[in-house]
Amino acid sequence: MSADTAHAHDDQSVRIGDLLLDTPVICAPMAGGPTTPALVSGVSAAGGLGMLAAGYLTAAELAGKLDDVDSATGGRYGVNLFLPGPDVTADPSAPVNAAIEGYRQRLAGYAGRYGVEVGAPRWFDEDIDATVTLLCRYRPGLITTTFGDPGAELVDRIHDEVGAAVGVTVTSVAQARSAVRSGADLLIAQGIEAGGHRGIWVDDLADPLGGPAPGTVDLVTALVAAVEIPVIAAGGLMTGADIDAVLAAGAVAAQLGTAFLRADEAGTSAVHRDALARGRENAEDSGPGSDAPGPAEPDTVITRAFSGRPARSLRNAFAVDNADAPAAYPQVHYMTKPIRAGAAAAGVADDVNLWAGTGWRAAAAAPAATIVERLRTELRAARDHR
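Keep in mind that what you see is a predicted model, and the values were worked out from it rather than measured.

Asks: What's the story with the nonpolar core in this structure? I'm lost.
Replies: Note that soluble globular proteins tend to have their nonpolar side chains buried in a common cluster. Leu39, Leu66, Leu187, Leu256 and Phe260 are the most contacted members of the largest nonpolar core, which has 98 residues in total. Ranked by residue count, the leading element in this core is helix 3 (residues 95-113), at 6 residues. Among all residues touching Phe260, those that are not within four sequence positions of it are Val25, Cys27, Met30, Leu39, Val43, Ala266, Ala368, Ile371, Val372 and Leu375.

Structure (C-alpha cells):
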C-alpha cells in the first residue's frame, strides 16, 4: 500500500486506498440490519463510499450480500469486520457467568411479553479466517476493523490476498499508534458522539462508557498530530457543516451512520424509523418562531443492556432499566436478540435497541443518493462561509 493512502483532490474528491470518491462521505457499516446491499450501492453510486457490515455474519451469510454489492458497484465499496474479543465465559468459575445467569432470569420476563425464549449466551468468533478467504474473491477497495487491533498478521493477509487498504477503528491515541504498528493504512477516529457500539478495544468494567471518550473533533485533532497515516472522522456527524468541521481538524473524510438510518434503502426497522422520525418532527415543531415547548422525545444513552458492550441508543425503558447488564459481549447480544426482534415486530420501541448518534434529530427520510447530495451541497456551503 502507498503511504499516501488517502489525499485530497480538487473540490470535494478524496482518494481512499485505490478508490477515488467524488465526495468525502462514507456510510458507516451498521451491523444487525440497517446496512443493506442497496444502501451500500446507493451511497457508492452517488459518489461516496458504502461500507458493507460483516458483523454477526458467517462467511456463507456474507457471500450473498457481496454478490449484490460487487455487481452493483464494480468494487467501489468497503467491508467492515468485527474482531472477536476473548470469550469471557471460557472459565466456568469466572464471576461473569453468574452475572449472565442472573441477567437471563431477568430477561425471561421480557421474553414472556413476546412469546419467545431468552437466547443462548454464546460467543462467536466472527468467522474471520473464512471471511477473509471469501473477500479474496471479491476484492473490495477497503476493509475496516472494529473492536480491536487487527495485528500485523491479519493486516498483511488483507494486503497480500485481498489487495485492499486496511482501516482500523480507534478511540484513543494509544490505540492509533498500535494500529499503525500493525500496518494500518488509515484510521477511523470514533468519537463519543457515535451511535451504536463504541469502538473501544477493551471494555473497562469500571467505566460506564467502557473506555476512552474524547469527542470526534478532539480525537481527530489528536490523531492527526500523533500519527502520519490518514484519519477518517466518525461520531455524531449529520450535516455538511459537521463534515467541514472534521475536515478542518485534519480528517480526510467523514463516516456517517445515523444520517443514513432513515434512507429508503436502509434495513432499519419500522419502530426504529418511527422513533427517529418523531424526534425530527418534534424538533422542527419547536424550532425558531414556534410556540411549542421543547422536544419531548428521548435523548441518547450509552448502555450495555442490549449487547453487553457499551453502545449509544435512544433512551428507552430497556436501556435505562438494564444499565447494569453484565459486560459480556456478544453473549448478551444473543440473549436479547429474540426479545428485540419480538418487540420490533410488535412495534414496542421500549424494548428495542434504537442505536443513534447524538445528532439523530437531523436524520431525514430520503434515498441514499439524495442524502449524499445534500451533504455535498452543505459541505460546499460551509467551506464557502469558513
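After presenting the structure, the write-up continues.
Asks: Honestly, the environment of Arg304 in this entry has me stumped. Any pointers?
Replies: With respect to the helices, strands and loops of the structure, Arg304 is situated in the loop between strand 13 (300-303) and strand 14 (311-314). As for Arg304 and Pro338, which are separated by 34 residues in sequence, their C-alpha atoms are 17 Å apart. Contact partners of Arg304, with chain neighbours within four places excluded, come to Asp203, Asp204, Leu205, Asp207, Pro208, Gly210, Arg309, Pro310, Ala325, Ala327 and Val332. Within polar-contact distance, the side chain of Arg304 engages the backbone oxygen of Asp204 at 3.1 Å.

Asks: I would appreciate a short explanation of the layout of surface pockets in the present structure.
Replies: In this approach a probe as big as a water molecule rolls over the atoms, and the regions it shows empty are the leftover space. Of the voids in this model, the second largest pocket is the one considered here, and its volume is about 420 Å³. Surrounding the second largest pocket, 23 residues form its lining, Val88, Asp203, Arg309, Ala327 and Tyr329 being those nearest its centre. Residue composition of the lining of the second largest pocket, by class: 18 nonpolar, 2 polar and 3 charged.

Asks: What should I look at first to understand the pairing of strand 7 (residues 142-146) in this one?
Replies: Regular strands place side chains that alternate from one sheet face to the opposite one. For strand 7, a buried count of 5 out of 5 residues is recorded, marking the element as mostly surrounded by other parts of the structure. Here strand 7 shows no split at all, with Leu142, Thr144 and Thr146 on one side and Ile143 and Thr145 on the other all buried. Where strand 6 (residues 78-82) meets strand 7, 5 bridges bridge the pair, whose relative direction is parallel. Within the sheet, the bridge partner assigned to Gly78 lies in strand 7 and is Leu142. By the bridge criterion, 4 bridges tie strand 7 to strand 8 (residues 165-170) in an arrangement that is parallel. When the sheet's bridge partners are listed, Thr144 is paired in strand 8 with Gly167. A crossover links strand 7 with its parallel partner strand 8, the connecting element being helix 5 (residues 151-162), and its sense is right-handed.

Asks: Is there a simple way to explain the sheet that holds strand 10 (residues 196-197) in this structure?
Replies: The antiparallel open sheet is built from 3 strands, whose spatial order is 10-14-13. Sheet topology places strand 10 and strand 13 at the edges, where each strand pairs with a single neighbour. By the bridge criterion, 4 bridges tie strand 13 to strand 14 in an arrangement that is antiparallel. Looking across to strand 14, one finds that Ile302 is bridged to Arg312.

Asks: So what exactly am I meant to see when it comes to helix 8 (residues 240-248) here?
Replies: An α-helix turns once every 3.6 residues. As a result, residues three or four positions apart point the same way. For helix 8, every residue scored as buried is listed here: Gly240, Ile243, Asp244, Val246 and Leu247. Within helix 8, the buried residues cover an arc of 170° as seen down the axis, which keeps them to one side. Lining the buried residues of helix 8 we find strand 4 (25-27), helix 7 (216-226), strand 11 (231-234), strand 12 (253-256) and helix 12 (368-385). Positive phi appears at Gly250, one or two residues downstream of helix 8, with a value of about 120°.

Asks: How should the pattern of salt bridges be read in this particular structure?
Replies: Where charged atoms from two side chains of opposite charge come close, those side chains can pair. Scanning the model with the defined rule gives 9 salt bridges in all. Between Arg376 and Glu373 there is a salt bridge whose closest N-O contact spans 2.4 Å. Pair noted here: Arg376 and Glu373 are both in helix 12, with a separation of 3 residues, about one helical turn. Its relative accessible area of 12% is what places Arg376 among the buried residues. Under the relative-accessibility criterion, Glu373 is labelled partly exposed at 38%. The partner of Glu378 in a salt bridge is Arg374, and the shortest N-O contact between them spans 3.2 Å. Here Glu378 and its partner Arg374 are both found in helix 12, 4 residues apart, which amounts to about one turn of the helix. Relative accessible area serves as the criterion here: at 27%, Glu378 is assigned to the partly exposed category. What you see here is one network of salt bridges that share partners, running through Asp129, Arg157 and Glu161.

Asks: I'm lost on the side chain of Ser313 in this one. Help?
Replies: Along the chain, the position of Ser313 falls in strand 14. Judged by relative accessible area, which is 0%, Ser313 ranks as buried. Leaving out residues up to four positions away in the same chain, Ser313 has contacts with Asp299, Thr300, Val301, Phe306, Asn353, Leu354, Trp355 and Ala356.

Asks: What should I look at first to understand the side chain of Arg157 in this one?
Replies: In this fold, Arg157 is placed in helix 5. Among the polar contacts made by the side chain of Arg157, one reaches the side chain of Asp129 at a distance of 2.8 Å. Among residues more than four places away in sequence, those in contact with Arg157 are Asp129, Val132, Thr133 and Val162.

Asks: Could you clarify how one ought to interpret helix 5 in this entry?
Replies: Given a rise of 1.5 Å per residue, 12 residues ought to cover 16 Å, and the 16 Å separating the end C-alpha atoms of helix 5 matches this to within 8%. When helix 5 is considered as a whole, its buried residues turn out to be Leu154, Val155, Arg157, Ile158, His159 and Val162.

Asks: Can you help me understand the packing of helix 2 (residues 59-73) against helix 4 (residues 128-138) in this one?
Replies: Each pair of packed helices can be summarised by the angle the axes make with each other and by the distance between the axes. Relative orientation of the contacting elements helix 2 and helix 4 amounts to 20°, with a least axis distance of 10 Å. Here helix 2 is positioned roughly parallel relative to helix 4, judged by the angle of their axes. In this structure, helix 2 meets helix 4 at a crossing whose hand is right-handed. Contacts between helix 2 and helix 4 pair Ala59, Leu62, Ala63, Leu66, Asp67 and Asp70 from the former with Ala130, Thr131, Leu134, Leu135 and Tyr138 from the latter. A per-class count over the contact of helix 2 with helix 4 returns 8 nonpolar, 1 polar and 2 charged.

Calculation criteria
Residues numbered from 1 in each chain as written. Predicted model: local features only at pLDDT ≥ 70, side-chain atom pairs only at ≥ 80, totals over all residues. Heavy atoms only, no water. Core = buried A, V, L, I, M, F, W, Y, C linked by side-chain atoms within 4.5 Å. Buried < 20%, exposed > 50% of the residue type's maximum accessible area, 1.4 Å probe, protein only. Helix = DSSP H or I, 4+ residues; strand = E, 2+ residues; numbered from the N terminus. Contact = heavy atoms within 4.5 Å. Polar contact = N/O pair within 3.5 Å; in protein donor to acceptor, adjacent residues only side chain to side chain. 1 Å grid on protein atoms, 1.4 Å probe; cavity = no way out; pocket = protein on both sides within 12 Å on 5 of 7 lines; lining within 4 Å. Points joined across faces, edges and corners; volume = space filled by probe spheres on them. Nonpolar A, V, L, I, M, F, W, Y, C, P; charged D, E, K, R; others polar. Pairing = 2+ DSSP bridges. Right-handed = clockwise from strand over helix to strand, strands pointing away. Arc of directions from axis to C-beta. Salt bridge = Lys/Arg side-chain N within 4 Å of Asp/Glu carboxyl O. Expected span 1.5 Å × (residues − 1). Axes fitted to C-alpha atoms, helices over the stretch in contact; angles between N-to-C directions. Parallel < 35°, antiparallel > 145°, perpendicular 65-115°, else oblique. Left-handed = near helix turned anticlockwise from the far one by under 90°.

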